[in-house]
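# An overview of the molecular structure
Each chain, written out:
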Protein chains: 2
Amino acid sequence: MAETNPAQLNAALANPRADMEALDSLERTLFSLGYAMGEIGSLGPVIDPPKATEERAEALATLQQASVEALCDPAVGALLDRLEQEPELVGKTRMSQIKILKRDRAALVDVPAEEQAEFSRLTVEANDVWRRAKPANDWESFAPYLDRIVAALKSMAAKKDAEKDPYDVWLNEYEWGTDRAFYDRFFSQVKDCVVPLLADCMASRHKPGHSCVDGNFDEERQWKLARDLMSLEGLDEGALWIGRTEHPFTGGPSRSFVIIASHVYQDNLLSNVFSMLHEGGHALYEQNVDPEYRYTSLRGGTSMGMHEAQSRFFENLVGRSEAFAAPLLQRLVKRFPGQLRNVTPHLLYLAENCAEPGLVRTEADELTYPLHILVRYEIEQLLFSGEAAAADVPRLWAQKYREYLGVSVPDNTRGALQDTHWSDGSFGYFPTYALGSAYGTQLKAAMVAGGMDFDGVCASGDLAPIREWLRDRIWRWGRSKDSGELIEAACGEPFSPVYYTDYLTEKFSTLYRL
Amino acid sequence: MAETNPAQLNAALANPRADMEALDSLERTLFSLGYAMGEIGSLGPVIDPPKATEERAEALATLQQASVEALCDPAVGALLDRLEQEPELVGKTRMSQIKILKRDRAALVDVPAEEQAEFSRLTVEANDVWRRAKPANDWESFAPYLDRIVAALKSMAAKKDAEKDPYDVWLNEYEWGTDRAFYDRFFSQVKDCVVPLLADCMASRHKPGHSCVDGNFDEERQWKLARDLMSLEGLDEGALWIGRTEHPFTGGPSRSFVIIASHVYQDNLLSNVFSMLHEGGHALYEQNVDPEYRYTSLRGGTSMGMHEAQSRFFENLVGRSEAFAAPLLQRLVKRFPGQLRNVTPHLLYLAENCAEPGLVRTEADELTYPLHILVRYEIEQLLFSGEAAAADVPRLWAQKYREYLGVSVPDNTRGALQDTHWSDGSFGYFPTYALGSAYGTQLKAAMVAGGMDFDGVCASGDLAPIREWLRDRIWRWGRSKDSGELIEAACGEPFSPVYYTDYLTEKFSTLYRL
């Protein structure tokens, strides 16, 4: 590709305008490869026929390699350095692009290509082993891969930044500006709040129940409901495609073509409701990034944590609020008038908010969810520090689930083998799930402090004021600002977990009449 | 991308093994970009939300540019030249790849990038103007674009081959080895046969009718029928995706992910049947190219004409044959038992084969179809030779439609503005449509001469012997052999239009009792 041609880039030396053209050209290349990978990767599990797998994998690997090579070309490093010296000429948007491109490049450039390829092969194999090990409750077959993955991640982290703790390197890559010290403070406050709160809830004589929404709900009607919910949430349906898959996700090639894939279960109406509201939150973020950024590296959400903040905001802070129960119930009744005629908004609210310590993270309620994450965070730290090896994980897992959630882990299938993330090499990613929930509560507090009648907005069923608030302060900025900056600008203070613990305490104390 | 890096390629000088690796790497790059364009481009009109258009166009343009740049890199020219000198080391498959890569490269490399970009902009604009002009019967607004397109195509053709007639250059690009002399002979034989044959049919007192299949047919049932037909035709459903669109087409990223998009009309059951059989023929070709070629430039069909030969083979030679009417009717009755209970295979056969001179190419029957193509071929020649300009086209169109088809053209909407091809800059492409039909009849004659009981195979509903014959002799070769070679090897003689004219004469003389 032209923009990675060293001759062309060298010719641009001392010519800032040619440099800017080279930058724009690089961005178009990265955009087009990202667009292709976004479409091919997102649609793969949704529409591809079964035999497509092998050729799709080959195409994706080659496109990914082309993208890495375009960014890691030495001439690009020099180009970005030169342009950074010309902030006035370059302008604010391109300066942000340069910041992000340098960061993306730094995450790739110091690890030799062979080591990256070796790691990629390792995780493909590990993922395959994990897929068989999980249903077979076979920790032993997976354990050697986990040890090798941790060792490889530590080796790569050392090449990225030899001075930094390796786990900190990966935490920072998933959520810019975070490290163990940050998450230790965060999780310690969460633990101190949620562990006793959950115990009190479980001891309460007043427990909400969900029997009012139990039953069998026609699947095609549930799909119509899913569309109703996207409309209620305020998604741009002219830039949205909804497909069907087992594990819900949001993806797609661009802000104008966001893909939500989800499932419906005949015997679980609320699973569909909250999957869609959750994925819709991700989709709102993607659709509302400033269109000026659409062909640049600033497109898309700024971090995993901030993305999860949006999805859990609409799933929980809006979706599972008492105020929103009325407009939500109206949509449910429209599609299932006979089955739900005796449900009131208050009964629906109670059914949405049954806290129950369980074994499986993806089935966890709002209160117990962060404890599932806490377990993973602590075990990741122990593996990275060398205090534990893969062989110790099942024991640690059982011990921490008993301590924090009060449950006994009967097997690894529902224990340390339940998630795909470690087999994919994603260490340092789990904590962003809990952090996102906390971001959301601080954003909600800032809305209310700024004068928004949050409950009134939810009750009205017109969420436009919430969307506009988030669009202005979070969504439109894409990757041009980091989570920390966004939170501070939106809330007038740095991130603080107290909003999260206050929110959980107030909500669940009331629900369980503590 | 690494493989277009001149430094790397220069380092490979005098090192044939490194050259082969560079070739393989180039092929992977072209495969992955082609895969992406195939998926994005094919799914665009089928599933993309309305707002996706602009970003999709940008991504496609950039991916296309990357593909052209990868192939046109001067180092690639030298690489291919060096490898061509080592046929024994390189082997047969790579030698075929080199032949095709050189040909693809030659089609691009001599036209300056700016001129190509300029032409691309011109056709985007022209297509836009055409889209408005067609329903408005407004030839005047489109005419200047047509003149500019012809001028641009002549200029580009001169750069590709200054010695050759410009129209010959484009004919040859769409169908390797053809030129005006070839098509003049072909169309002259077609005209001499079909024009009087059609007149005799129209004068006959025995005309088949289609009233037995008239009626309203539920659309969802028609979609189920469409799948039945794909199964009857013998497509690999593990490598097929069927979608819905206004203008049927076959596309997709790879042989393991072939996309058919089609339409159904409630009041026209046969439209669905023959659209699906037609597109299924294209899809069979793509699915059955030798898997050894899947990551190379040899993947896919060899030419437009040979592709059309496969689609029209299954649509007409199989699909509209009297022998196939019984198994076909069985599928129709399965989905529409009440409505079709009085239809016999013979009545169905008659309904499928009503010849009727009409105005619109895409609605033409098997007999009149080549006459529509003939009109376009003759007008394209006049525009290229300068004997006519765009302003003359409506008059020429009306004159030729009257002469060949005996119909009066009431407006340009159903006249010279009906097709999109000219506005896209596709001159020299139309003739392949008629040529493909003729290829198919020669292939069928060779099957019969080789001892196949063609009618028996069709009547049995198990088309495996036909598929195996075509797979062995046509499909599996992908682009490694040209149409001319394939026909000669399959039929034991070069292409001859006599099989086509004999076929049409026999079929329609019998149908119309001439």
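Presented here is a report on the structure given in the accompanying data block.

Here is what the cut-offs are and how they apply
Residues numbered from 1 in each chain as written. Chains lettered and ligands numbered in written order. Predicted model: local features only at pLDDT ≥ 70, side-chain atom pairs only at ≥ 80, totals over all residues. Heavy atoms only, no water. Axes fitted to C-alpha atoms, helices over the stretch in contact; angles between N-to-C directions. Helix = DSSP H or I, 4+ residues; strand = E, 2+ residues; numbered from the N terminus. Parallel < 35°, antiparallel > 145°, perpendicular 65-115°, else oblique. Contact = heavy atoms within 4.5 Å. Nonpolar A, V, L, I, M, F, W, Y, C, P; charged D, E, K, R; others polar. Pairing = 2+ DSSP bridges. Least-squares fit on C-alpha atoms with pLDDT ≥ 70 in both. Buried < 20%, exposed > 50% of the residue type's maximum accessible area, 1.4 Å probe, protein only. Arc of directions from axis to C-beta. Phe/Tyr/Trp six-rings, centres within 6.5 Å; stacked < 30°, edge-to-face > 60°. Lys NZ or Arg CZ within 6 Å of the ring centre and 35° of its normal.

## Re the packing of helix H7 (residues 139–160) of chain B against helix H8 (residues 166–174) of chain B
Residue and element names in this part refer to chain B.
- Orientation of H7 relative to H8, taken along the N-to-C sense of each, is 80 degrees, at an axis distance of 8 Å. When the axes of H7 and H8 are compared, the pair comes out roughly perpendicular. Seen from H7, the contacting residues are Leu-153, Lys-154, Met-156, Ala-157 and Lys-160; seen from H8, they are Pro-166, Val-169, Trp-170 and Glu-173.
- Of the residues in the contact of H7 with H8, the class split is six nonpolar, no polar and three charged.

## Some details on the pairing of strand S2 (residues 249–254) of chain A
Residue and element names in this part refer to chain A.
- Bridge count between S2 and strand S3 (residues 257–262): four bridges; the pairing is antiparallel. Considered in S3, the bridge of Ser-254 is made with Phe-257.
- Between S2 and S3, which pair antiparallel and follow one another directly, the connecting turn spans two residues.

## Section: the relation of the copies chain B and chain A
- For the match of chain B to chain A, the screw axis carries a shift of 0.1 Å, the RMSD comes to 0.1 Å, and the turn is 179 degrees. The transformation just described matches what one would write down for a two-fold rotation axis.
- An overlap of 100% is found between the interface residues of chain B and their copies at the interface of chain A, pointing to a shared contact surface.

## Structural notes on the sheet that holds S3 of chain A
Residues and elements named next belong to chain A.
- With mixed pairing, the three strands of this open sheet are ordered in space as S1-S3-S2. Only two strands of the sheet have a single partner each, and these edge strands are strand S1 (240–244) and S2. Here the average twist between neighbouring strands, direction ignored, is 25 degrees.
- Sheet analysis places S1 next to S3, joined by five bridges and oriented parallel. Its bridge partner being in S3, Trp-241 is matched across the sheet by Ile-259.

## Details of helix H20 (residues 483–491) of chain A
Residue and element names in this part refer to chain A.
- Inspection of H20 places Ser-483, Leu-486, Ile-487, Ala-490 and Cys-491 among the buried residues, and these make up the whole buried set. Viewed end-on, H20 has its buried residues packed into an arc of 100 degrees, placing them on one side of the element.
- Against helix H12 (304–318), helix H17 (430–449) and helix H19 (464–473) lie the buried residues of H20.

## Focus: the sheet that holds strand S1 (residues 240–244) of chain B
Residue and element names in this part refer to chain B.
- The strand order S1-S3-S2 describes an open sheet built from three strands, whose pairing is mixed. On the outer flanks of this sheet lie S1 and strand S2 (249–254), each paired with one strand and no other. Geometrically, the sheet is characterised by an average inter-axis angle of 25 degrees between neighbouring strands, direction not taken into account.

## A few points about the packing of aromatic side chains
- Applying the stated criterion across every chain, the model contains 54 aromatic pairs over all chains.
- Ring centres of Trp-397 of chain B and Trp-422 of chain B lie 6.1 Å apart, and the angle between their planes is 90 degrees; on these two criteria the pair is classed as edge-to-face. One end of the pair, Trp-397 of chain B, is in helix H16 (residues 393–405); the other, Trp-422 of chain B, is in the loop between H16 and helix H17 (430–449), with 25 residues separating them in the sequence.
- Over the aromatic face of Phe-430 of chain A sits the side chain of Arg-376 of chain A, whose NZ or CZ is 5.4 Å from the ring centroid.
- The aromatic ring of Tyr-369 of chain B is capped on one face by Arg-312 of chain B, whose charged end is 4.0 Å from the ring centroid.

Just distances and angles here, no functional claims.
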